[in-house]
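An overview of the molecular structure
Below, each chain spelled out in residue letters.
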Amino acid sequence: SLTRKELYNNAMALAGWLQQAGIVKGDRVAAYAPNVPETIIMMLATATLGAVFSSCSPDFGLDGVRDRFGQIEPKILLACDGYHYASKGIDRLPVVADLVAAVPSIRKILIIPYLNERPDLSGFDNATLFADALNHTPISDFTRTAFNDPLYILYSSGTTGAPKCIVHGIGGAMLQHIKEHRL
C-alpha cells in the first residue's frame, strides 16, 4: 500500500527521471508489467509530463507485445523481470531483451524486480532498476495539456488482424473516472 503522499512523491521523482531521459509532451512510454504500484506510478509520472502511456500484461508473448508497442514507438519501456503463474515464477527478461531488439525506438528500460530482488541486468545496455529511478530529483511542476491531448493508448484484441490502437484523451478519461467514482 502507498499513501497519497508517497504516490505523489514517487510519481514526481520518476517524472524527473523520465524528463532527464528526454521524455517530453507527446512521447510514448510503455509498460510490460502487471498491475502493481510501480505501473501506476509510471502512468502518473508519464501523465505529469504530457506524455502518453500504454501497457501490456507480461503474460503476452513477444509477438503480441511487439505488435502493439511497435506501432506506438515508445522511448521508455517499464518491464518486470517476470511474473507468477500457477505458483511458478515465469522469467520475462529474455522476452524483454527480444522486445527491445524488435522495437528500436526504446532508449531506456526500467526493470521492476518482481521475481528477484536484484535481477541480472548484465544483458542490457540501458536498464535501470525501478527503485533507483525513484532516487531522482522530482519535477516541480506539471506539463500543461489540452482537454483532447492523448493520455493512454489501449489496443483491440488483434483477433482479426494486427491490434488497433485506441487512444484515450485526457479530458475524456478524467470525466469517465469522475462518473465511475460518483456512481
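Residues numbered from 1 in each chain as written. Predicted model: local features only at pLDDT ≥ 70, side-chain atom pairs only at ≥ 80, totals over all residues. Heavy atoms only, no water.

**With respect to the sheet that holds strand 2 (residues 52-56)**
An order of 7-6-3-1-2-8-9 is seen for the 7 strands of this open sheet, with the pairing classed as mixed. Both edges of this open sheet fall to strand 7 (127-129) and strand 9 (165-169), since each of them pairs with a single strand only. Adjacent strand axes in the sheet meet at a mean angle of 25°, parallel and antiparallel pairs treated alike. Where strand 3 (residues 76-80) and strand 6 (residues 108-112) come together, 5 bridges link them in parallel fashion. Bridge pairing in strand 6 links cysteine 80 to isoleucine 112. Contacts between helix 1 (residues 4-20) and the sheet are confined to strand 3, strand 6 and strand 7, with strand 6 contributing the most and set at about 155° to the helix. (Pairing = 2+ DSSP bridges. Helix = DSSP H or I, 4+ residues; strand = E, 2+ residues; numbered from the N terminus. Axes fitted to C-alpha atoms, helices over the stretch in contact; angles between N-to-C directions. Contact = heavy atoms within 4.5 Å.)

**Structural notes on the side chain of aspartate 81**
Assignment of secondary structure puts aspartate 81 in the loop between strand 3 and strand 4 (82-85). As a buried residue without a salt bridge, aspartate 81 has its nearest oppositely charged side chain in arginine 92, at a separation of 9.9 Å. For aspartate 81, the side chain forms a polar contact with the main-chain nitrogen of leucine 115, separated by 2.8 Å. In this structure, aspartate 81 is in contact with Ile90, Asp91, Arg92, Leu93, Ile111, Ile112, Pro113, Tyr114, Leu115, Asn116 and Pro119, ignoring residues within four places of it in sequence. (Buried < 20%, exposed > 50% of the residue type's maximum accessible area, 1.4 Å probe, protein only. Lys, Arg positive; Asp, Glu negative; His and termini not counted. Salt bridge = Lys/Arg side-chain N within 4 Å of Asp/Glu carboxyl O. Polar contact = N/O pair within 3.5 Å; in protein donor to acceptor, adjacent residues only side chain to side chain.)

**Re the nonpolar core**
Most often, soluble globular proteins keep nonpolar side chains buried together rather than apart. Judged by nonpolar contacts, the single largest core of 29 residues is most densely connected at Leu14, Leu18, Met42, Ile76 and Leu110. Counting only elements with at least two residues in this core, the list comes to helix 1, strand 1 (28-32), helix 2 (37-48), strand 3, strand 6, helix 5 (130-133) and strand 8 (150-155). Element by element, the count of residues in this core is highest for helix 1, at 5 residues. Sequence-distant contacts of leucine 14, defined by excluding residues within four places in its chain, comprise Ile41, Met42, Ala45, Leu110, Phe130, Ala133 and Leu134. Counting 23 residues, the second largest nonpolar core, distinct from the first, contains Val100, Ile106, Leu129 and Tyr155. (Core = buried A, V, L, I, M, F, W, Y, C linked by side-chain atoms within 4.5 Å.)

**Looking at a nonpolar patch on the surface**
A cluster of nonpolar residues, Phe147, Met174, Leu175 and Ile178, forms a patch on the protein surface that exposes about 390 Å² of accessible area. Assessed through its relative accessible area of 47%, phenylalanine 147 is described here as partly exposed. (Patch = residues over 30% accessible without salt bridge, like charges linked within 9 Å, V, L, I, M, F, W, Y side chains within 5 Å. Areas by Shrake-Rupley, 256 points an atom, 1.4 Å probe, with all protein chains shown as cover.)

**Digging into the pairing of strand 6**
Summarising burial for strand 6: 4 of the 5 residues are buried, a large majority. As paired strands, strand 6 and strand 7 are joined by 3 bridges and run parallel to one another. Within the sheet, the bridge partner assigned to isoleucine 109 lies in strand 7 and is alanine 127.

**Section: the pattern of salt bridges**
Using the criterion set out here, one finds 3 salt bridges in the structure. Across the pair aspartate 149 and lysine 25 runs a salt bridge, and its minimum N-O distance is 3.2 Å. On the criterion of sequence distance, the pair formed by aspartate 149 in the loop between helix 5 and strand 8 and lysine 25 in the loop between helix 1 and strand 1 is long-range, its members being 124 residues apart. Overall, the relative accessible area of 19% leaves aspartate 149 in the buried class. Notably, a salt bridge pairs aspartate 27 with lysine 75, separated by 3.1 Å at the nearest N-O pair.

**Topic: the packing of helix 3 (residues 62-72) against helix 4 (residues 93-102)**
For the pair helix 3 and helix 4, the least separation of the axes is 10 Å and the interaxial angle reads 35°. Considering the relative orientation of helix 3 and helix 4, their crossing is right-handed. Of the residues in helix 4, those touching helix 3 at Leu62, Val65, Arg66 and Phe69 are Val95, Asp98, Leu99 and Ala102. For the contact of helix 3 with helix 4, the residue count by class is 6 nonpolar, no polar and 2 charged. (Left-handed = near helix turned anticlockwise from the far one by under 90°. Nonpolar A, V, L, I, M, F, W, Y, C, P; charged D, E, K, R; others polar.)

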